[in-house]
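Understanding the architecture of this molecule
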Amino acid sequence: MEKERKVLYSGMQATGRLTIGNYIGALKNWVNLNEEYDCFFGVMDLHSLTVRQNPKEFRDNARLIYTQYVAAGLDPKKNCIYFQSHVPTHAELGWILDCFTYMGELNRMTQFKDKSAKHADNINAGLFTYPALMAADILLYQADLVPIGADQKQHLEICRDVAMRFNSIYGDVFTIPEGFFGKVGARIMSLADPTKKMSKSDENVNATIYLVDDRDTIIRKFKKAVTDSDACVRYDVENKPGVSNLIDIYSVITGKSKEDTEKEFEGKGYGDFKLAVGEAVADALDPLHKKVDELLSDRTYIDECIKENAEKAYYVSSKTLRKVHKKLGLTERIR
Ligand code: ATP
Ligand code: LTN
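Residues numbered from 1 in each chain as written. Chains lettered and ligands numbered in written order. Predicted model: local features only at pLDDT ≥ 70, side-chain atom pairs only at ≥ 80, totals over all residues. Heavy atoms only, no water.

This paragraph deals with the pattern of salt bridges. All chains considered together, the criterion is met by 22 salt bridges. For the salt bridge of Asp 236 with Arg 234, the shortest nitrogen-to-oxygen distance reads 3.5 Å. Taken together, the salt bridges that share partners define one network made up of Asp 228, Asp 230, Arg 234, Asp 236 and Lys 240. (Salt bridge = Lys/Arg side-chain N within 4 Å of Asp/Glu carboxyl O.)

Here it is in structure tokens:
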């Protein structure tokens, strides 16, 4: 049966506070997609358990991420925004897909290699099977499109392979999803090391602009951003990665082209440029801060959205899970 509207699925892990990388590369681009697609956005808290979390900070971060999704413009009455852990079908299908995912496939994942190197004392099985749970997230909703950053391409490939494998045995159960990759600002780099991506789990707080950072903090961090000794605002990723990253951020935030940005700062020093980038980012985040404060001051609205959307996600995903059970030959539940 043809669906009337295509389904779109995405999410972020609750491994820390969201950064402007998450905002520019993902969240900002999700707003208004609901006009064209049926959208599901998860706060991927089960995935976050692959790295050890402090329970109090974890709970606060997850709630803040939900609130920031809404504050950034995702309308929870028009998008299904929910916590992954509130919808048990994810873990259930995740297990089933573990049994359809090969060790050889998982062994090739660069995220697994990177995170194992970073957390050598906690290379757990969940970190290894992470892509099977991610496949479950997507396939449960029969998603057609998955907006993700380039770093998640490999995971989406496994999801597609597993879905095709399953379909080839049991018939058409899962929609095969496509990646949906953003154009500009797809990769915001660390302010301390512009050859590394800006990441919410970076230990160096000066490397990262968090969405919660206040104006002074933002400007201070941009002032400290690593550049070069060339003193010329010119876009050249290879030779001037720091300056190029700042140009990228400035262009995405202000809507100006890279060329216009270069012209605007012709003959000016890095001090002026960094201050302008800091001010532009602070201005852009100001309305988001106000909206977050407003939403946090009265919990009832967000609580109601969390509840309603978890129910909706459960309803939609259960249909797929029931079909999977049936196809696999699991004994039907007597109700
Ligand atoms: P972690 O530090 O825990 O690995 P992260 O900050 O890299 O987290 P994810 O939760 O893995 O973020 O990613 C959430 C979304 O944000 C993904 O779609 C990802 O591609 C995007 N994203 C993350 N970091 C950046 C960045 N620096 N630039 C652009 N997009 C990013
Ligand atoms: N692995 C993703 C987060 C994530 C996700 C998903 C994204 C978990 N499940 C399903 C899209 C669809 C990340 O680290 N960015």
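We now examine helix α7 (residues 125-140). Spanning 16 residues, α7 covers 22 Å between terminal C-alpha atoms, matching the ideal 22 Å at 1.5 Å per step. Within α7, the axis deviates most sharply at Pro 131, by approximately 45°. Judged by how many residues are buried, α7 sits mostly within the fold: 13 of 16 residues are covered. With a side-chain oxygen positioned 3.1 Å from the backbone nitrogen of Gly 126, the residue opening α7 is Asn 124. (Helix = DSSP H or I, 4+ residues; strand = E, 2+ residues; numbered from the N terminus. Expected span 1.5 Å × (residues − 1). Bend = angle between axes of the 7 residues up to and from the residue. Buried < 20%, exposed > 50% of the residue type's maximum accessible area, 1.4 Å probe, protein only. Polar contact = N/O pair within 3.5 Å; in protein donor to acceptor, adjacent residues only side chain to side chain.)

Quick look at the site of ligand 2 now. Surrounding ligand 2, one finds 13 residues, the nearest of these being His 47, Tyr 130, Met 134, Asp 137 and Gln 152. Here a nitrogen atom of ligand 2 sits 2.7 Å away from a polar atom, N or O, in the side chain of Asp 137. Gln 152 places a side-chain nitrogen or oxygen 2.9 Å from a nitrogen atom of ligand 2. The fraction of the free accessible surface of ligand 2 (360 Å²) that becomes covered by protein chains is 91%. (Near = heavy atom within 4 Å. Areas by Shrake-Rupley, 256 points an atom, 1.4 Å probe, with all protein chains shown as cover.)

Neighbouring residues of ligand 1: 18 residues in total, closest Ile 188, Lys 197, Ser 199, Lys 200 and Ser 201. Separating a nitrogen atom of ligand 1 from a backbone N or O atom of Gly 21 is a distance of 3.2 Å. Side-chain polar atom of Ser 199 to an oxygen atom of ligand 1: 2.4 Å apart, as the coordinates give it. When isolated, ligand 1 has an accessible area of 600 Å², and the protein chains bury 95% of it. Per-element accounting of the shell around ligand 1 gives the leading share, four residues, to helix α1 (residues 20-30). Here the residues of the shell around ligand 1 sort into five nonpolar, eight polar and five charged. (Nonpolar A, V, L, I, M, F, W, Y, C, P; charged D, E, K, R; others polar.)

Together, Lys 319, Arg 322, Arg 333 and Arg 335 make up a region of like positive charge exposed at the surface. Structurally, the position occupied by Arg 335 is in the segment after α13 (299-328). For Arg 335, a relative accessible area of 79% translates into the label exposed. (Patch = residues over 30% accessible without salt bridge, like charges linked within 9 Å, V, L, I, M, F, W, Y side chains within 5 Å. Lys, Arg positive; Asp, Glu negative; His and termini not counted. Charge placed at Lys NZ, Arg CZ, Asp CG, Glu CD.)

By size, the foremost hydrophobic cluster in this structure holds 59 residues, and its most contacted members are Ile 20, Tyr 69, Phe 222, Ile 249 and Val 281. It is helix α12 (residues 270-297) that contributes the most residues to this core, 11 residues altogether. In this view, Phe 222 contacts Ile 20, Leu 191, Ile 209, Leu 246, Ile 249, Lys 274, Val 277, Gly 278 and Val 281; residues no more than four positions away in its chain are not counted. Core analysis: the second largest hydrophobic core is formed by 40 residues, Leu 127, Met 134, Ala 136 and Leu 156 among them. (Core = buried A, V, L, I, M, F, W, Y, C linked by side-chain atoms within 4.5 Å. Contact = heavy atoms within 4.5 Å.)

Following both chains from N to C, one finds helix α4 (residues 89-98) and α13 inclined at 30°, their axes separated by 10 Å at the closest point. Classified by the interaxial angle, the pair formed by α4 and α13 is roughly parallel. At the point where α4 passes α13, the crossing takes the left-handed sense. Each of Thr 89, Glu 92, Leu 93 and Ile 96 in α4 lies in contact with α13, whose residues at this interface are Tyr 314, Ser 317, Ser 318, Leu 321, Val 324, His 325 and Leu 328. Residues belonging to the contact of α4 with α13 are distributed by class as follows: six nonpolar, four polar and one charged. (Axes fitted to C-alpha atoms, helices over the stretch in contact; angles between N-to-C directions. Parallel < 35°, antiparallel > 145°, perpendicular 65-115°, else oblique. Left-handed = near helix turned anticlockwise from the far one by under 90°.)

The next subject is unusual backbone geometry. The residue Asn 32 is not glycine, and still its phi comes out positive at about 80°. You can see Asn 32 is positioned in the loop between α1 and β2 (38-44). Judged by its relative accessible area of 47%, Asn 32 is partly exposed. Of note, the phi angle at Ala 231 is positive, near 55°, even though the residue is not glycine. Tracing the backbone through its elements, the reader meets Ala 231 in the loop between α9 (215-223) and α10 (241-254).

Below, the discussion takes up the packing of aromatic side chains. Counting across every chain of the model gives 15 aromatic pairs. Ring centres of Tyr 37 and Phe 180 lie 6.3 Å apart, and the angle between their planes is 80°; this geometry places the pair in the edge-to-face category. Highlighted residues: Tyr 37 in the loop between α1 and β2 and Phe 180 in strand β5 (residues 178-180), separated in sequence by 143 residues. In this structure Phe 180 comes out as partly exposed when scored by relative accessible area, which is 30%. Taken together through their ring pairs, the aromatic side chains of Tyr 9, Phe 40, Tyr 82 and Tyr 141 make up a single cluster. Between Lys 153 and the ring centre of Phe 181, over which it is positioned, the NZ or CZ distance is 4.9 Å. Lys 258 extends its terminal NZ or CZ atom over the ring of Tyr 235, reaching a point 4.7 Å from the ring centre. (Phe/Tyr/Trp six-rings, centres within 6.5 Å; stacked < 30°, edge-to-face > 60°. Lys NZ or Arg CZ within 6 Å of the ring centre and 35° of its normal.)

All we've got here are geometric facts, nothing functional implied.
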